[in-house]
Amino acid sequence: QVQLVESGGGLVQTGGSLSLSCVASGDTGCISAMAWYRQAPGKERELVASTTRGGATWYATSVGGRFTISRDSAKDTVTLQMSSLRPEDSAVYYCNAREIIRNMCPRDRDYWGQGTQVTVST
């Protein structure tokens, strides 16, 4: 099993910056990618950014060039650096880790953290 713990959320003003981190622990050998999702009240959860062990990254168009995701594979840690924050960025941000069936990895599975609140004030 994999456990994910997020940290770094908080309250910032419009235009401010914030950095989120997620640490994976447990049986992490089958993790192929990690990502950040967010969900605002009344809205569906959306993918914000993702990264693979090989360093490939993907970003939602809504974040433009304001967010940067990075991965430390040795520590199974992923960081989301956010700048030029806007009120519409306010949401609970969730860390995600994906396992795929390969080699000694027996199943496809997604693990989720408990979420960390990000609030951008006007």
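Residues numbered from 1 in each chain as written. Predicted model: local features only at pLDDT ≥ 70, side-chain atom pairs only at ≥ 80, totals over all residues. Heavy atoms only, no water.

## As for the state of the cysteines
Part 1 of the argument: Enumeration over the complete set of coordinates arrives at two disulfides.
Part 2 of the argument: Here cysteine 22 pairs with cysteine 95 through a disulfide, and the sulfurs are 2.0 Å apart. One disulfide, between cysteine 22 and cysteine 95, carries an S-S torsion of -85° and so falls in the left-handed class. With cysteine 22 in strand β3 (residues 18-26) and cysteine 95 in strand β9 (residues 91-99), this pair connects stretches of sequence that are 73 residues apart.
Part 3 of the argument: Disulfide partners in the chain, listed by the sequence order of the bonded cysteines, are 1-3, 2-4. (Disulfide = S-S within 2.5 Å. Helix = DSSP H or I, 4+ residues; strand = E, 2+ residues; numbered from the N terminus.)

## Structural notes on the pairing of strand β1 (residues 2-7)
Part 1 of the argument: Here β1 shows one buried face, formed by Val2, Leu4 and Glu6, and one open face, formed by Gln3, Val5 and Ser7.
Part 2 of the argument: Taken together, the six bridges between β1 and β3 define a ladder with antiparallel strand orientation. The residue bridging serine 7 from the neighbouring strand is serine 21, located in β3. (Buried < 20%, exposed > 50% of the residue type's maximum accessible area, 1.4 Å probe, protein only. Pairing = 2+ DSSP bridges.)

## Remarks on the side chain of asparagine 96
Part 1 of the argument: Looking at the element boundaries, asparagine 96 is found in strand β9.
Part 2 of the argument: Looking at asparagine 96, the relative accessible area reads 4%, which means it is buried.
Part 3 of the argument: The residues touching asparagine 96, leaving out its near neighbours within four places in the chain, are Leu4, Ala33, Met34, Ala35, Tyr37, Asp110, Tyr111 and Trp112. (Contact = heavy atoms within 4.5 Å.)

## Some thoughts on the sheet that holds strand β8 (residues 77-82)
The strands making up a sheet are joined through hydrogen bonds of the backbone, oriented either antiparallel or parallel.
Part 1 of the argument: Sheet architecture is open: four strands sit in the order β1-β3-β8-β7, paired in antiparallel fashion. Whereas interior strands pair on both sides, the edge strands pair on one side only; in this sheet they are β1 and β7 (67-72). Neighbour to neighbour, the strand axes of the sheet diverge by 15° on average, direction disregarded.
Part 2 of the argument: Sheet topology places β7 next to β8; six bridges connect them, and they run antiparallel. Bridge pairing in β8 links arginine 71 to valine 78. (Axes fitted to C-alpha atoms, helices over the stretch in contact; angles between N-to-C directions.)

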